[in-house]
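# Remarks on the overall topology
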Amino acid sequence: MSHRRDPDVAIRCVDLSVARASGRGATPVRVVDGIAFTLPHGRTLAIFGPTGAGKSSLAAVLAGADEPGLAVIGGEGHVEGIPVRRPGRAHRTLTYVTGYLPQGAGARLPSRLTVAEVIGSPITSRDRRVNQRALAVRVATLLDEMSLPLGVTSRYPYELSAGMRQRVALARALVLEPRVLVADDLFANLDVDARRTVREAIVRRRDGYGMSTLVVTNDIEAVRELDADVLVMRGGHAVAYGHGVSDLLWTPSGEADRRLIAS
């Protein structure tokens, strides 16, 4: 079955619910409960909330991440027209059009691969016969964009600083030029200059071909830098939504969470 790109939005969630089981045989626990929002093409949505709010689980589901024990149990979610609930053969397409930067991505890079192999892995895992020269050029271009020296291509992640590893992980998420970037703690371990570099890479793709970005964060400055809409979650529920941190509409139960977006 073919899936057409939604002409209006990159992500559409309607009463989406997600459960997570902590282990084999464990009873699944609902971690996202009835979330509804839309993310237009070329826009950014920042998801705020305390630990355990369900932010990372929601991001993983929307990115099509293969996380054991995580499953959509209700409602609907579509990313570029592809359903995240039982996507079937379209799952491969979902992971192609969506770049994913999981929480702690820099620390989770495969230690046995060189930086060049890490960045190129989304391509080589799909096509072992890829043109190596063209791939090397693409990797070098991304390293330059991330303000990383070309010499790191032959090094291993554990030889790099935390900030450099974070940028390598982002380069890997962007190597397929995704339509949607799902990033959990995008600016982790980045200094001021590296943060500016990453922001410019996101904005360049947003303005160039309309890439949309969903960011899991509690960083108010990130909202300003990316001109983001904001969804605040607590206990799996949405408790506030709006543009920026000064124009949020809160539910009555969300009043106690205003401190999350205090300037």
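Preceding this section is the structure that the text describes.
What comes next concerns the included structure. None of the values given here were measured: they were computed from a predicted structure.

### Considerations on the overall build of the chain
A tally of helices and strands in the chain yields seven helices and eleven strands. A principal-axis box enclosing the C-alpha atoms of the chain has dimensions of 55 × 45 × 40 Å. Residues classed as buried in the chain amount to 51% of the 263 residues present. Long-range contacts, defined as pairs at least 24 residues apart, comprise 67% of the intrachain contacts of the chain with a sequence gap of at least 6. Considering the chain, the positive charge centre built from 34 side chains and the negative charge centre built from 28 side chains are found 6 Å apart.

### What to know about the environment of I123
Tracing the sequence through the fold places I123 in helix 3 (residues 115–124). Accessibility expressed as a relative area gives 12% for I123, which makes it buried. Sequence-distant contacts of I123, defined by excluding residues within four places in its chain, comprise V130, L135, R138, V175 and L176.

### Focus on the pattern of salt bridges
Under the criterion given, the structure shown has 14 salt bridges. One salt bridge connects E67 with R20, and the closest N-O pair in it is separated by 3.3 Å. Of this pair, E67 sits in the loop between helix 1 (55–63) and strand 4 (70–79) while R20 sits in strand 1 (residues 9–20); the two residues are 47 residues apart in sequence, bridging distant segments of the chain. Of the charged contacts, one joins D227 and R43 as a salt bridge, the two residues approaching to 3.4 Å between their closest N and O atoms. On the criterion of sequence distance, the pair formed by D227 in the loop between helix 7 (220–226) and strand 9 (229–234) and R43 in the loop between strand 2 (29–40) and strand 3 (44–48) is long-range, its members being 184 residues apart. A relative accessible area of 37% means that D227 is categorised as partly exposed. By relative accessible area, which is 24% here, R43 ends up partly exposed.

### Thoughts on unusual backbone geometry
Located in the positive-phi region is D185, a residue other than glycine, with phi close to 65°. With respect to the helices and strands, D185 occurs in the loop between strand 7 (180–184) and helix 6 (192–209). For D185, a relative accessible area of 33% puts it in the partly exposed group. With a phi close to 65°, N189 is a non-glycine residue in the positive phi region.

### Here's the deal with helix 6
The first and last C-alpha atoms of helix 6 sit 26 Å apart over 18 residues, in line with the 26 Å expected at 1.5 Å per residue. Turning to helix 6, its buried residues are A194, R195, T197, V198, A201, I202 and R205. Seen along its axis, helix 6 keeps its buried residues to an arc of 165°; they face one direction. Counted as exposed and oriented over 90 degrees from the buried face of helix 6: V192, D193, D207 and G208. Those residues of helix 6 hidden inside the fold are in contact with helix 4 (132–145), helix 5 (162–174), strand 7, strand 8 (212–216) and helix 7. Between the side-chain oxygen of the N-cap and the backbone nitrogen of D193 there are 3.2 Å, and the N-cap of helix 6 in question is D191.

### What about the environment of R234?
Mapping R234 onto the fold places it in strand 9. Sequence spacing of R234 and G104 is 130 residues, and the spatial spacing of their C-alpha atoms is 21 Å.

### Examining the nonpolar core
Residues I119, M146, V168, L170, L181, L186 and V198 are the most contacted members of the largest nonpolar core, which totals 38 residues. Only helix 3, helix 4, helix 5, strand 7, helix 6 and helix 7 provide two or more residues apiece to this core. Top contributing element to this core by residue count: helix 5, with seven residues. Apart from residues lying up to four places away in sequence, L181 is in contact with G99, L170, A173, L174, I202, M211, S212, T213 and L214.

The rules behind the values
- Residues numbered from 1 in each chain as written.
- Predicted model: local features only at pLDDT ≥ 70, side-chain atom pairs only at ≥ 80, totals over all residues.
- Heavy atoms only, no water.
- Helix = DSSP H or I, 4+ residues; strand = E, 2+ residues; numbered from the N terminus.
- Buried < 20%, exposed > 50% of the residue type's maximum accessible area, 1.4 Å probe, protein only.
- Contact = heavy atoms within 4.5 Å.
- Lys, Arg positive; Asp, Glu negative; His and termini not counted.
- Charge placed at Lys NZ, Arg CZ, Asp CG, Glu CD.
- Salt bridge = Lys/Arg side-chain N within 4 Å of Asp/Glu carboxyl O.
- Expected span 1.5 Å × (residues − 1).
- Arc of directions from axis to C-beta.
- Polar contact = N/O pair within 3.5 Å; in protein donor to acceptor, adjacent residues only side chain to side chain.
- Core = buried A, V, L, I, M, F, W, Y, C linked by side-chain atoms within 4.5 Å.

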